[in-house]
Amino acid sequence: MYYMSTRNKNIKVAPSRAILDGIAEDGGLYVPEEFPQFLRSDIRDLIEKSYPERLATVLSRYLTDFDFEELLEYAEAAGDKFDGDACPLLKVEDDIYILELFHGPTSAFKDMALSVMPYLVSAAKRKNNDDNKTLILVATSGDTGKAALEGFRDMEGIEIMTFYPNEGVSGIQKAQMTTTEGDNVYVAAVRGNFDDAQTAVKNIFCDKELCDRLEKKGMKLSSANSINIGRLIPQIAYYFSAYADLLGSGEIKSGEKINIVVPTGNFGNILAAYYAQKSGLPVNKLICASNRNNILTDFFDTGEYDTNRSFYKTSSPSMDILVSSNLERFLFDISKEDDAMIRELMSDLKANGKYSVSNAILARCAEFVAAGYADEEDVKTTVCNFYESCGYVLDTHTAVGVSVYYDYLNNVNEDAKAVIVATASPYKFAADVYYYLSEFKVSDSFLAIKKLNSYTGLDIPEGLQDLDLREQRFSDIIKKDDIAAKIAERYGL
Ligand SMILES: *Cc1c(COP(=O)(O)O)cnc(C)c1O
């Protein structure tokens, strides 16, 4: 099976090539040419399997130039980094289940893909006889940076450099990154906000002179963000896994359709749920939950995607996004693979910061997706109410999902069971969660972790324990124009 570009269907490459390229040569995103189908019996077969076996099963159907045995090896190696069960499903009340995706090394759902992706990258290099050293550059607003560092550290043939904005990551996120171990890692703060860091890193990829100097040293740049299919495809697996768990415990009948609720930023996680549905997972509705940056809610309401608007910093920072890159893949599929339309939309976006789709396309979107948003007050109320009614401590991102789902239920008459995706441990955003629950403000995030622990009795994830006592290995604060010089210095170019 091949992957093709959303902007030109004639550009086609093998899965391993798509993983190495990251993005298609015309700037489009790689999408599968066809969707492998899981029959009801295939889904039932997952019930008895471990998560690594479920992951390898799904990967092997999408990444057809990898074989099952090797994928199982990678999935098991990734699974070893998790604390117990990779993605437990908890029943919290009638018809509502929480799928916890935060038991990886960095306590956010990015680990689900970034723990296995490095093995896929290494194998893809072997398959394509690429013996360059791969230099992964990451600009991060918080969660991706640490998950990529943990995933790629000490991987043979790979170097990783992560840049985070000096203003704009939480104390916990910063400490997670600057204390990372491993010989092939580097971390620096860039003066400015996330856009500054992201733009500076993007410019490196277009810096012909630097790329030539890297090539002379046998090195090649690559990225680990969510437009790479190496991150997207592993995310499909946990939706099948959740369904298999519901079947196995007798909560649903085979073929019963469920709702899936996803707190959304870049549209990657919810797109993976849509791909699962395309591959045969019985889904009633996908619920796209946004925070106060509700550009997706407006898009699904009106058909217009308009980035000319205020940007808010919220208590769910990993969803503070105005350009949801993976929406391009969804619209490509919804429009029956209309690559000319996608080219037009993306050139409108580049020129005017906005685009609109036809009513026919919008109506098709609505068959699959219902969208809503939660403001900061809703998040606070939801964290408190959910703790009181279910005894469950939500993180701020997951609370957006829960709030939007309760609104949804108020407006429709449905009895579908719902899986709500929990994307982070509440400890990762401890200061806000503790404040919501207790009304006490603690500005030191490490103290907030301890306070939240004594308030709720919930175990602190291993990766966040004693974070303040670990050795800080990286303290560089650089100007955004100095990234190229840093790379040159580190690799003696
Ligand atoms: C990245 C992230 C999200 C958003 O996921 P997308 O795939 O970008 O939609 C939500 N919650 C947390 C905690 C995240 O780290």
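Check the entry above for the structure.
All chains use their own residue numbering, which begins from 1 and follows the written sequence. Predicted model: local features are reported for residues with pLDDT of at least 70 only, side-chain atom pairs are reported and counted for 80 or more only, and whole-chain, interface and lining totals are derived from all residues. Only hydrogens and water are set aside; all other atoms, that is, all heavy atoms of the structure, feed into the side-chain values.

Asks: An account of the state of the cysteines is requested, with residue identities and associated values reported.
Replies: Any two cysteine sulfur atoms lying within 2.5 Å of each other are counted as a disulfide. Counted by the stated rule, this structure contains zero disulfides. We note that cysteine 211 lacks a disulfide partner, and the nearest cysteine sulfur, in cysteine 206, lies 8.2 Å from it. Throughout this description, buried means an accessible area under 20% of the type-specific maximum (1.4 Å probe, protein chains only), exposed means over 50%, and partly exposed covers the range between. On the basis of relative accessible area, cysteine 211 is assigned to the partly exposed category, the value being 23%. The thiol sulfur of cysteine 384 is not disulfide-bonded, and the nearest other cysteine sulfur, from cysteine 390, lies at 13 Å. A relative accessible area of 22% places cysteine 384 in the partly exposed class.

Asks: Quick rundown of the site of the ligand? Include the residues and the values.
Replies: Neighbouring residues are identified by heavy atoms, a residue being near a molecule or strand if any of them is within 4 Å of it. The environment of the ligand is made up of 15 residues, and the closest members are Lys110, Asp143, Gly265, Asn266 and Thr423. Identification of polar contacts relies on pairs of N or O atoms within 3.5 Å, with a donor-acceptor requirement for protein atoms, meaning one able to donate a hydrogen and the other able to accept it, and with residues adjacent in sequence counted only if both atoms are side-chain atoms. Interatomic distance of 2.7 Å between a side-chain N/O atom of aspartate 143 and an oxygen atom of the ligand. Contacts to the ligand include asparagine 266, whose backbone N or O atom sits 2.7 Å from an oxygen atom. Relative to its unbound accessible surface of 390 Å², the ligand loses 96% to contact with the protein. Classes in brief: Ala, Val, Leu, Ile, Met, Phe, Trp, Tyr, Cys and Pro nonpolar; Asp, Glu, Lys and Arg charged; the others, Gly included, polar. Of the residues contributing to the shell around the ligand, the split by class is five nonpolar, eight polar and two charged. Note that accessible areas follow from Shrake-Rupley with a 1.4 Å probe, and for residues the cover is restricted to the protein chains shown.

Asks: Give me the lowdown on helix H16 (residues 359-368), citing residues and values where you can.
Replies: Every buried residue of H16 is accounted for by Ile361, Leu362, Cys365 and Phe368. Relative to the axis of H16, the buried residues are bounded by an arc of 115° and lie together on one face. Seen from the open side of H16, the exposed residues pointing more than 90 degrees away from its buried face are Asn359 and Ala360. Each helix is a run of H or I in the DSSP string that is no shorter than four residues. Each strand is a run of E no shorter than two, and both are numbered from the N terminus. This arc is built from the directions going out from the helix axis to the C-beta atoms.

Asks: Outline helix H11 (residues 229-248), listing residues and values.
Replies: With 20 residues, H11 extends 29 Å from end C-alpha to end C-alpha; this agrees with the ideal 28 Å at 1.5 Å per step. Most of H11 sits inside the fold, with 18 of its 20 residues counted as buried. By the N-cap criterion, in which a side-chain oxygen at the helix start approaches the backbone nitrogen of a residue two or three places on, H11 is capped by asparagine 228, the distance to glycine 230 being 2.7 Å. Multiplying 1.5 Å by the helix residue count minus one yields the expected span of that helix.

Asks: Tell me about the pattern of salt bridges, and name the residues and values.
Replies: For salt bridges, the criterion is a side-chain nitrogen of Lys or Arg within 4 Å of an Asp or Glu carboxyl oxygen. One pass over the full model with this rule turns up 23 salt bridges. Note that lysine 417 and aspartate 95 form a salt bridge whose closest N and O atoms lie 4.0 Å from each other. Of this pair, lysine 417 sits in strand S15 (residues 417-422) while aspartate 95 sits in the loop between strand S4 (89-93) and strand S5 (96-100), and the two are 322 residues apart along the sequence. Of the residues examined, lysine 417 reaches a relative accessible area of 15% and is grouped as buried. With relative accessibility at 29%, the residue aspartate 95 sits in the partly exposed group. Taking the shortest distance from any N to any O, the salt bridge between aspartate 476 and lysine 486 comes out at 3.2 Å. In this pair, aspartate 476 sits in the loop between helix H20 (445-456) and strand S16 (477-478) while lysine 486 sits in helix H21 (residues 483-491), placing the two residues ten residues apart along the sequence. Owing to a relative accessible area of 30%, aspartate 476 belongs among the partly exposed residues under this scheme.

Asks: An account of the side chain of asparagine 326 is needed here, citing residue identities and associated values.
Replies: Along the chain, asparagine 326 turns up in the loop between strand S12 (304-306) and helix H14 (327-334). In this analysis, two residues are considered to be in contact whenever any of their non-hydrogen atoms come within 4.5 Å of each other. In contact with asparagine 326, not counting residues within four places along its chain, are Leu29, Ser226, Asn266, Phe267, Gly268 and Leu271.

Asks: Can you lay out the pairing of strand S11 (residues 283-290) for me, pointing to particular residues and giving the numbers?
Replies: Of all the eight residues making up S11, seven are buried; the element is thus mostly covered by neighbouring parts of the structure. Here, the term right-handed applies to a crossover whose path from the first strand over the helix to the second runs clockwise when the strands point away from the viewer. Chirality of the crossover, the property in question, places the unit of strand S10 (residues 258-263), helix H12 (residues 268-278) and S11 among those that are right-handed. When DSSP finds at least two bridges between two strands, those strands are taken to pair. As defined by bridge partners, S11 adjoins strand S14 (residues 369-373) across five bridges and the pair is classed as parallel. Across the sheet, the residue bridging to cysteine 288 is alanine 371, located in S14.

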